[in-house]
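Descriptive analysis of the structure
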Amino acid sequence: MNARTTSRRRAAFLLACTVGLTGVLTACGTSTPDATVTPAVQLADSSESGTTPPTGASAASSTTAPTQPSGTTSAGLLASIMVAPEDAASTALATVASSRVLGIDLDREQGALVWDVDVVTSDDKREVIVDAKTGTVLANRVDDDDSDDSADVAEDRRLLDAATVDHAAALQMAVAEVPQGRVVDLDLDEDDGSVEWDIEVIAPDHAKHELTINALTGAVTKHETD
């Protein structure tokens with residue numbers, strides 16, 4: 001992904017990603033309305049079971065302190081990601097023939113937690129949206145950012161041609177660098193003439209690790225923790 005596109009997308013994504021996994025997924029618009037139980041529903045359930053609904057102070061306490069919806073904690077959100085980024089990438093490559101992966105980002109699409117996989121062909125650049133829970137392809141579309149600019153697509157292909165470390169190897173290296181971490185963002189870019197993979201990994205303690213891996217040598221040239 002060229003520096004212009006990467007800067008624009010990463011700036012929007014990283015603005016809300018200030019604290020661990022919660023920040024990352026808040027940036028994706030986390031919402032779990034199906035898990036929310038309203039007081040009215042709780043009362044209806046209790047009446048059907050033959051239990052007398054609480055009254056007075058007991059009723060007030062039961063309705064003003066609802067249980068936190070399941071899946072809204074960092075651990076719950078992490079567990080809801082059933083499709084690994086490398087599997088989402090494989091799905092995208094199978095969807096777009098003769099393509100190569102340029103980037104993988106965790107995102108939201110129509111209320112679903114998804115992997116946004118950027119792939120490049122000889123003709124254009126496409127976004128393949130893969131549901132992070134089911135692996136279903138939700139969209140396969142031309143990337144609106146720069147696919148209409150043949151020079152930008154040519155630049156993306158040049159970076160991919162130069163990289164001897166592909167996306168799959170970069171993902172493995174990132175997890176080796178942050179044991180048991182979960183990759184939520186990966187992009188191929190060039191900085192001062194060096195082709196590199198910029199990667200974000202969420203550790204088990206929900207700390208965010210920002211890595212840079214040289215795409216020619218595989219060396220980790222940056223490792224910062226937020």
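Computed from a prediction, not measured in an experiment: that's the story for all the values here.

**Notes on helix H7 (residues 150–162)**
With 13 residues, H7 extends 18 Å between its outermost C-alpha atoms, agreeing within 8% with the 18 Å of an ideal straight helix rising 1.5 Å per residue. Turning to H7, its buried residues are Asp152, Val153, Asp156, Leu159 and Leu160. Along the axis of H7, the buried residues cluster in a sector spanning 115°; they form a single face. Of the exposed residues in H7, those oriented more than 90 degrees away from the buried face are Ser150 and Asp161.

**Structural notes on the sheet that holds strand S1 (residues 100–109)**
Spatially, the eight strands line up as an open sheet ordered S4-S3-S2-S1-S5-S6-S7-S8, and their pairing is antiparallel. Taken across any chain shown, the strands that pair with only one partner, and hence form the sheet edges, are strand S4 (137–142) and strand S8 (220–225). Neighbour-to-neighbour, the strand axes of this sheet turn through a mean angle of 20°, independent of strand direction. Packing of helix H8 (residues 167–177) onto the sheet brings it into contact with S1, strand S5 (182–191), strand S6 (194–202), strand S7 (208–214) and S8, and relative to S5 it is tilted by some 120°.

**Examining the confidence of the model for the protein**
Per-residue pLDDT for the protein averages 76, and the proportion of residues at 70 or more is 65%. Confidence drops under a pLDDT of 50 for residues 1–72, and excluding neighbours within four residues, the segment shows 94 contacts in the predicted structure.

**Quick word on unusual backbone geometry**
Residue Gln180 is not a glycine yet carries a positive backbone phi of 65°. Note on placement: Gln180 falls in the loop between H8 and S5. Phi at His206 is positive, roughly 75°, even though this residue is not glycine. You can see His206 is positioned in the loop between S6 and S7.

**Structural notes on the side chain of Ser99**
With respect to the element layout, Ser99 can be found in the loop between helix H6 (85–95) and S1. Taking relative accessible area as the criterion, Ser99 reaches 12% and is therefore assigned buried. There is a polar contact of 2.6 Å between the side chain of Ser99 and the backbone oxygen of Val96.

**Considerations on the pattern of salt bridges**
Enumeration over the complete set of coordinates arrives at nine salt bridges. Between Glu190 and Arg158 there is a salt bridge, with its nearest N and O atoms 2.5 Å apart. Of this pair, Glu190 sits in strand S5 while Arg158 is found in helix H7, placing the two residues 32 residues apart along the sequence. The residue Glu210 makes a salt bridge to Lys208 at a minimum N-O spacing of 3.8 Å. Both residues of the pair, Glu210 and Lys208, belong to the buried class.

About the cut-offs
- The residue count restarts for each chain, going from 1 along the sequence in the order it is written.
- Local features are withheld for residues below a pLDDT of 70 in this predicted model, meaning they are given only at 70 or higher, and side-chain atom pairs are given and counted only at 80 or more; totals for whole chains, interfaces and linings count all residues.
- Calculation of side-chain values draws on the structure's entire complement of heavy atoms; hydrogens and water are dropped beforehand.
- A run of H or I in DSSP counts as a helix once it spans at least four residues, and a run of E counts as a strand once it spans at least two, with each numbered from the N terminus.
- One less than the number of residues in a helix, times 1.5 Å, gives the span that helix is expected to have.
- For the exposure calls, accessible area comes from a 1.4 Å probe over protein chains only, and a residue counts as buried if that area is under 20% of its type's maximum, exposed if over 50%, partly exposed in between.
- Directions are taken from the helix axis to each C-beta atom, and the arc is the one they span.
- Strand pairing follows a simple DSSP-based rule, namely that at least 2 bridges must link the two strands.
- Only C-alpha atoms enter the line fits that serve as axes; for helices the fit covers just the stretch in contact. Angles between N-to-C directions range over 0 to 180 degrees.
- We call two residues in contact when some of their heavy atoms are within 4.5 Å.
- Confidence scores labelled pLDDT are given residue by residue by the predictor and lie between 0 and 100.
- Pairing of N or O atoms within 3.5 Å defines a polar contact, subject to two protein rules: one partner must be a possible hydrogen donor and the other a possible acceptor, and residues neighboring in sequence count only if both atoms are side-chain atoms.
- We define a salt bridge as a contact between a side-chain nitrogen of Lys or Arg and a carboxyl oxygen of Asp or Glu at a distance within 4 Å.

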